[in-house]
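# Breakdown of the fold
If you want the building blocks of each chain, they are given just below.
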Amino acid sequence: MIQKLTVGMLQEHTYFFIDEVTKHGFLVDPGDEAERILNKIKQEEWVIEKILLTHGHFDHIGAVAKIKTSLGCLVVIHEEGKDYLHNPEWNLSGRYGEAYTVDADYYVKHGDVITLEANSNMNLKVIHAPGHTTDGTAYYSEKEHIAFVGDIIFNGAVGRCDNPGGNMNRLLSAIRAQIFTLPDATILYPGHGPYTTVKHEKDTNPFFNFYE
Ligand SMILES: [Zn+2]
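This section reports on the structure supplied with the text. (Residues numbered from 1 in each chain as written. Predicted model: local features only at pLDDT ≥ 70, side-chain atom pairs only at ≥ 80, totals over all residues.)

Here the focus is the sheet that holds strand β1 (residues 2–7). Taken together, the 6 strands give an open sheet; going across it, the order is β1-β2-β3-β4-β5-β6, and neighbouring strands pair in mixed fashion. The two strands at the open ends of the sheet, each matched to only one other strand, are β1 and β6 (106–108). Strand-to-strand twist in this sheet, taken as the mean axis angle between neighbours without regard to direction, amounts to 25°. In this structure, strand β5 (residues 74–78) lies alongside β6, joined through 3 bridges in parallel fashion. When the bridges of β6 are listed, V76 appears paired with Y106. (Pairing = 2+ DSSP bridges. Helix = DSSP H or I, 4+ residues; strand = E, 2+ residues; numbered from the N terminus. Axes fitted to C-alpha atoms, helices over the stretch in contact; angles between N-to-C directions.)

Next up, the structure:
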């Protein structure tokens, strides 16, 4: 089961990926409004085992510290995410408000698999797709045909590449190699805006159809 809350000034999507049987699950990119996210988790009686971060930008990590303290769950990010979590200039928190840093518990790499402790049938594969940031990561469930893609790709757009660690050529190649090679029907849940599918973006995304 997937639910979401849209939080903060940049209207970032925080996703809940929950096993309906055990009510255990993952929280993807709690970007802001920690109290609202915590209330939702409490109301639904979910147990969040891990917080998964698609990258270390402030609008995706802003509620991590409070939620981690409150729930005691562990925080996962790609190994390149250290550069963002530990540096307010890279995570952009200093530019948009009070500068802060965040600590993670697990630094993962491409190909790693994150399994739900309460139900080993539920897992997500780590896909490294840098370019928006050096740590850009999608979390892919082959079984559910879904991927949480952060700011790698959006419905009709791709992530901006003009912030620290950004590189447009790198992003477009990563999307071709890592996202467009997933099954066509895979639903992509981005950090902002409406969801989409691999096929829809392959067919219509202007970054690939006009500039190729
Ligand atoms: Zn971002």
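Resuming the write-up.
This part is about unusual backbone geometry. Look at E45: it is not a glycine, yet its phi comes out positive at around 60°. Structurally, E45 can be placed in the loop between α1 (34–44) and β4 (47–52). In this structure, L92 is a non-glycine residue whose phi angle is positive, near 70°. Topologically, L92 is positioned in the loop between α5 (88–91) and α6 (93–96). On the basis of neighbour count, L92 is assigned to the partly exposed category, with 19 C-beta atoms found within 10 Å. (Buried ≥ 20, exposed ≤ 12 C-beta atoms within 10 Å, placed from the backbone.)

So, about helix α3 (residues 64–71). Among all positions in α3, only V64, I67 and K68 are buried. Buried residues along α3 cover an arc of 100° about the axis, so they all sit on one side. Packed against the buried residues of α3 are α1, β4, α2 (58–61) and β5. Backbone geometry just after α3 places G72 at a positive phi near 70°. (Arc of directions from axis to C-beta. Contact = placed C-beta atoms within 7 Å.)

Right, let's get into the nonpolar core. I51, A138, A147, V149 and I179 are the most contacted members of the largest nonpolar core, which totals 51 residues. Leave out the neighbours within four places in its chain, and V149 touches T54, A138, I179, L188, Y189 and P190. (Core = buried A, V, L, I, M, F, W, Y, C linked by C-beta atoms within 7 Å.)

It is worth spelling out the sheet that holds strand β9 (residues 137–141) at this point. Read from one edge to the other, the open sheet built from 6 strands follows the order β7-β8-β9-β10-β13-β14, with strand pairing classed as mixed. The two strands at the open ends of the sheet, each matched to only one other strand, are β7 (113–116) and β14 (196–197). The sheet contact formed by strand β10 (residues 146–150) and strand β13 (residues 187–190) spans 4 bridges and is parallel. Its bridge partner lying in β13, F148 is registered against Y189.

Within the span of α1, buried status applies to A34, I37 and I41. Here the buried residues of α1 occupy an arc of 70° about the axis, which is enough to place them on one side. In α1, the exposed positions angled more than 90 degrees off the buried face are occupied by E35, N39, K42 and Q43. Each element contacted by the buried residues of α1 is listed here: β1, β2 (12–18), β4 and α3. E45 sits one or two residues past α1 and shows a positive phi near 60°.

This paragraph deals with the pairing of strand β8 (residues 119–128). Relative to β8, β7 runs antiparallel, the two being bridged by 4 bridges. Directly across from I114, in β8, lies its bridge partner L124. Where β7 folds back on β8, the antiparallel hairpin that results is connected by 2 residues. In the sheet, β8 pairs with β9 via 4 bridges, with the strands oriented antiparallel.

Right, let's get into the environment of I77. The topology assignment puts I77 in strand β5. Assessed through the 28 C-beta atoms surrounding it within 10 Å, I77 is described here as buried. With 28 residues separating them in the primary sequence, I77 and D105 have C-alpha atoms 8.3 Å apart. If sequence neighbours within four positions are ignored, I77 has contacts with L53, G56, L85, A104, Y107 and D135.

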